[in-house]
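The primary structure of each chain is shown beneath.
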Amino acid sequence: MSTENADAGGGTEPHPNAAQDVIAVDGDDEPTGLANRLDAHTGEGQRHRAFTALVFDEEGRILLAQRAANKRLWDTHWDGTVASHPVKGQSQIEATKQRLEEELGVTPDQYDDLEVTDRFEYKRRYEREGLEWEVCAVLQVTLQDITLDPDTEEIEGLLWADYDLLYENPEWYRQLRLCPWFEIAMRRDQEGETVADGRVGFER
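Remember, it's a predicted structure, so these values are computed and weren't measured experimentally.

(A) Representation of the overall build of the protein in the model. Scanning the protein from N- to C-terminus turns up four helices and ten strands. Over its C-alpha trace the protein gives a radius of gyration of 16 Å, about what one expects of a compact globule, namely 17 Å for 204 residues. The principal-axis extents of the C-alpha atoms in the protein amount to approximately 50 × 35 × 35 Å. With 204 residues in all, the protein has 49% of them scored as buried. Sequence-distant contacts, at least 24 apart, represent 64% of the contacts inside the protein between residues at least 6 apart. Roughly 10000 Å² of accessible area belongs to the protein as shown, and the carbon and sulfur atoms make up 44% of that amount. In the protein, which carries 21 positive and 45 negative side-chain charges, the distance between the mean positions of the two groups comes to 7 Å.

(B) Molecular detail of the packing of aromatic side chains. According to the stated counting rule, one finds four aromatic pairs in the structure shown. Taking 5.5 Å as the distance between ring centres and 80° as the angle between the ring planes, the aromatic pair formed by Trp-74 and Trp-181 counts as edge-to-face. In this pair, Trp-74 sits in the loop between strand 4 (61-67) and strand 5 (78-79) while Trp-181 sits in helix 4 (residues 180-190), placing the two residues 107 residues apart along the sequence. For Trp-181, a relative accessible area of 3% gives the class buried. Ring-pair connections join several aromatic residues into one group, and the members of that group are Trp-74, Tyr-126 and Trp-181. We note Lys-123 situated over the ring of Trp-133; from NZ or CZ to the ring centre the distance is 4.1 Å.

(C) Main features of the environment of Thr-76. By secondary structure assignment, the location of Thr-76 is in the loop between strand 4 and strand 5. Between the alpha carbons of Thr-76 and Pro-31 there is a distance of 31 Å; along the sequence they are 45 residues apart. The contacts of Thr-76, once residues within four sequence positions are left out, are Gln-66, Arg-67, Ala-68, Ala-69 and Arg-177.

(D) Spatial organisation of the pattern of salt bridges. Summed over all chains, the structure comprises 15 salt bridges. A salt bridge links Glu-44 to Arg-125; its shortest N-O distance comes to 3.5 Å. Of the two residues, Glu-44 sits in the loop between helix 1 (37-40) and strand 3 (48-57) while Arg-125 sits in strand 7 (residues 115-126), which places them 81 residues apart along the sequence. Classification of Arg-125 as partly exposed rests on a relative accessible area of 49%. A single salt-bridge network, built from bridges that share partners, covers Asp-118, Arg-187, Arg-188, Glu-191, Glu-193 and Glu-203.

(E) Region of interest: the nonpolar core. One finds Leu-54, Ile-62, Leu-64, Phe-120, Leu-166, Trp-181 and Phe-182 to be the most contacted residues of the largest nonpolar core, which totals 25 residues. Mapped onto this core, the elements with two or more residues apiece are strand 3, strand 4, strand 7, strand 8 (130-143), helix 3 (163-168) and helix 4. Looking at this core, the element that brings in the most residues is helix 4, giving five residues. When neighbours within four sequence positions are excluded, Leu-54 is seen to be in contact with Ile-62, Gly-80, Thr-81, Val-138, Leu-139, Gln-140, Val-141, Tyr-163 and Phe-182. Listed in part, the 17 residues of the second largest apolar core include Ala-53, Val-82, Leu-104 and Leu-139.

(F) A look at the pairing of strand 2 (residues 31-36). Looking at chain direction, strand 1 (residues 21-25) and strand 2 are connected through five bridges and run antiparallel. Bridge pairing links Val-25 to Pro-31 in strand 2. Between strand 1 and the antiparallel strand that follows it, strand 2, lie five residues; Asp-29 among them carries a positive phi value of about 70°.

(G) Focus on unusual backbone geometry. Geometrically, the link from Gly-80 to Thr-81 is a cis peptide bond, its omega value of 15° lying close to zero. Assignment of secondary structure puts Thr-81 in the loop between strand 5 and strand 6 (82-84). Backbone geometry places Asp-29, a non-glycine residue, at a positive phi of 70°. Structurally, Asp-29 can be placed in the loop between strand 1 and strand 2. With a relative accessible area of 9%, Asp-29 lands in the buried category. Positive phi is not limited to glycine here, since Glu-127 has a value of about 45°. With respect to the helices and strands, the residue Glu-127 is situated in the loop between strand 7 and strand 8.

What counts, and where the lines are drawn
- Residues numbered from 1 in each chain as written.
- Predicted model: local features only at pLDDT ≥ 70, side-chain atom pairs only at ≥ 80, totals over all residues.
- Heavy atoms only, no water.
- Helix = DSSP H or I, 4+ residues; strand = E, 2+ residues; numbered from the N terminus.
- Rg over C-alpha atoms; globule rule 2.2 N^0.38 Å.
- Buried < 20%, exposed > 50% of the residue type's maximum accessible area, 1.4 Å probe, protein only.
- Contact = heavy atoms within 4.5 Å.
- Areas by Shrake-Rupley, 256 points an atom, 1.4 Å probe, with all protein chains shown as cover.
- Lys, Arg positive; Asp, Glu negative; His and termini not counted.
- Charge placed at Lys NZ, Arg CZ, Asp CG, Glu CD.
- Phe/Tyr/Trp six-rings, centres within 6.5 Å; stacked < 30°, edge-to-face > 60°.
- Lys NZ or Arg CZ within 6 Å of the ring centre and 35° of its normal.
- Salt bridge = Lys/Arg side-chain N within 4 Å of Asp/Glu carboxyl O.
- Core = buried A, V, L, I, M, F, W, Y, C linked by side-chain atoms within 4.5 Å.
- Pairing = 2+ DSSP bridges.

Following this line, the structure appears as structure tokens:
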């Protein structure tokens, strides 16, 4: 797909993602170059680096964030908690700190334990809109101060949920459509399948 006039609805205005790049990687999460962000999420896609951050409070609840309706992929689905892509030269931790502040208004003085806890590869399609093919790092953080200031262009709803109950009793939360990368990250975490030493777990 051409990225010069590509958009989400077939019009002529450039899609915002058409001017952005993601880091293309191999199956071991080693960079192979840059890929246009829109191209990486359409057609057959291209494997690229991503992250998701699971945000907890001191009671062990996880913060679920509803993706805004203007998102092209997995719009209005619930994430746990923020997810995005690092840019060239940016570490997963640096990218996560940036997104926590941009999306939730959470600053580093509200936590001190942000760390990478897992890394896995997955590929999922979303309706006719595109796909995610990512090597996704999982980071976890506990907020000592749960003050939030969400960006409503990114997040349309917030919900604190008991992490164990969410995993053990999904039928209680069936009204929430969860993002696939979050479901994978939660299952791997709860079932002890994480690989935090730089290796990559595979989800097919």
